[in-house]
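Geometric and topological summary
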Amino acid sequence: MVEEEQNVSFDGPGAVLVNLLTSLRHLPPAMLSSLIVMALSWLSWFPFFLFDTDWMGREVYHGDPKGNDSVAVKAYDAGVREGAFGLLLNSVVLGISSFLLEPMCQRMGARLVWAMSNFIVFACMAGTAIISLVSVNKYITEGIQHAIGENRAIKIASLVIFALLGFPLSITYIVPFSITSDLTADTGGGQGLAIGVLNLAIVIPQMIVSLGAGPWDALFSGGNIPAFVLAPLFALAAGVTATLKLPNLSSGSFKSSGFHFG
């Protein structure tokens, strides 16, 4: 009877998380660097994922979804639609880039490719912060929604950033999981648990950004600029950590196994 209760407890939902956490003891030391880079990478990605269309509606088009002025509401709606079009461009670039990853990793090495992706995210997310600051600079003391309608140059620059981010996103979806599989290839069946642990480095940053971005933005009178200023800093930290801490893997052994997302 006691044995059955122990088995039930072991097979419960909490056992999955316990197994993932306890498996950290059996992972290669290099996996710690991969987890750190992965967590920093997703801390830079999630502000964009969560607020990209809202950013287009507020900071680029200067709309207000709760505005009393119908012009402000229409401007926000137009910005959200333009943001959705930007995500379409992002997906197209992502799909095309995915075919280039295997030859790139075999030529440059997966470590450098992953590091490069984070530096590209740093540049693009810094671009979003700069665009935001330029766009609202004249209205910073009055609030973001006082300049109704988008500036054409800023609109085009925003769409370019949406598209460019598709390339590093394809790397983020594939290369870290291939590196993890390579690092744990000789651990005796530990690849599945290693991938599970790596997914925790996605989920935990998502929770941090989801719960913390709102209060963080509120400290600076709202808007998406504060979160978008932090994002490039995390991306830069991820790129530097990947360059300095990730192990040099055999370039010829890289094999893309498709998209992964936790």
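Rules behind the numbers
- Residues numbered from 1 in each chain as written.
- Predicted model: local features only at pLDDT ≥ 70, side-chain atom pairs only at ≥ 80, totals over all residues.
- Heavy atoms only, no water.
- Phe/Tyr/Trp six-rings, centres within 6.5 Å; stacked < 30°, edge-to-face > 60°.
- Helix = DSSP H or I, 4+ residues; strand = E, 2+ residues; numbered from the N terminus.
- Buried < 20%, exposed > 50% of the residue type's maximum accessible area, 1.4 Å probe, protein only.
- Contact = heavy atoms within 4.5 Å.
- Polar contact = N/O pair within 3.5 Å; in protein donor to acceptor, adjacent residues only side chain to side chain.
- pLDDT = per-residue confidence, 0-100.
- Axes fitted to C-alpha atoms, helices over the stretch in contact; angles between N-to-C directions.
- Parallel < 35°, antiparallel > 145°, perpendicular 65-115°, else oblique.
- Nonpolar A, V, L, I, M, F, W, Y, C, P; charged D, E, K, R; others polar.
- Patch = residues over 30% accessible without salt bridge, like charges linked within 9 Å, V, L, I, M, F, W, Y side chains within 5 Å.
- Areas by Shrake-Rupley, 256 points an atom, 1.4 Å probe, with all protein chains shown as cover.
- Salt bridge = Lys/Arg side-chain N within 4 Å of Asp/Glu carboxyl O.
- Expected span 1.5 Å × (residues − 1).
- Bend = angle between axes of the 7 residues up to and from the residue.

Re the packing of aromatic side chains
Summed over all chains, the structure comprises nine aromatic pairs. Note on tryptophan 42 and phenylalanine 46: the rings are 5.2 Å apart at their centroids and 40° apart in plane angle, and the pair reads as tilted. With a gap of four residues between them, tryptophan 42 and phenylalanine 46 both fall in helix α3 (residues 30–60), about one helical turn apart. Phenylalanine 46 shares its class with tryptophan 42; the two are buried. Following the ring pairs from residue to residue traces out a cluster consisting of Trp42, Trp45, Phe46, Phe48, Phe49, Trp55, Phe162, Tyr173 and Phe228.

With respect to the environment of tryptophan 45
If you trace the backbone, tryptophan 45 turns up in helix α3. The class of tryptophan 45 is buried, set by a relative accessible area of 1%. Taking the C-alpha atoms as reference, tryptophan 45 lies 8.8 Å from methionine 125; in sequence the two are 80 residues apart. Apart from the residues lying within four places of it in its own chain, the contact partners of tryptophan 45 are Val121, Leu165, Pro168, Leu169 and Thr172. Here threonine 172 takes part through its side chain, which lies 3.3 Å from a polar atom of the side chain of tryptophan 45.

What to know about the confidence of the model for the protein chain
When the pLDDT values of the protein chain are averaged, the result is 82; 77% of them are 70 or greater. Mean pLDDT values over the elements of the protein chain span from 40, in helix α1 (residues 2–10), up to 93, in helix α4 (residues 70–98). A low-confidence stretch, residues 1–10 stays under pLDDT 50, and its non-local contacts, those more than four residues away or across chains, total three contacts. Contacts for the low-pLDDT stretch residues 141–146, under 50 throughout, to residues beyond four places or in other chains number 11 contacts.

Description of unusual backbone geometry
Phi at histidine 62 is positive, roughly 55°, even though this residue is not glycine. With respect to the helices and strands, the residue histidine 62 is situated in the loop between α3 and α4. On the basis of relative accessible area, histidine 62 is assigned to the buried category, the value being 4%.

Details of the packing of α3 against helix α7 (residues 152–164)
Where α3 contacts α7, the axes come no closer than 11 Å and their chain directions differ by 170°. As the angle between them shows, α3 and α7 are arranged roughly antiparallel. Across the interface between the two elements, Phe48, Asp52, Trp55, Met56 and Val60 from α3 touch Ile154, Lys155, Ser158, Leu159 and Phe162 from α7. Counted by class, the contact of α3 with α7 contains seven nonpolar, one polar and two charged residues.

Considering a nonpolar patch on the surface
Nonpolar side chains collect at one region of the surface, where Phe85, Leu88, Val92 and Ile96 lie side by side and expose about 370 Å² of accessible area between them. With respect to the secondary-structure elements, phenylalanine 85 resides in helix α4.

Thoughts on helix α9 (residues 191–218)
Between its first and last C-alpha atoms α9 spans 41 Å; for 28 residues at 1.5 Å apiece the expected length is 40 Å, and the two agree. Along α9, the sharpest kink reaches roughly 40°, centred on glycine 212 and followed within four residues by the proline proline 215. Residues Ala194, Ile195, Gly196, Val197, Leu198, Ala201, Ile202, Pro205, Val209, Ala213 and Asp217 constitute the buried set of α9.

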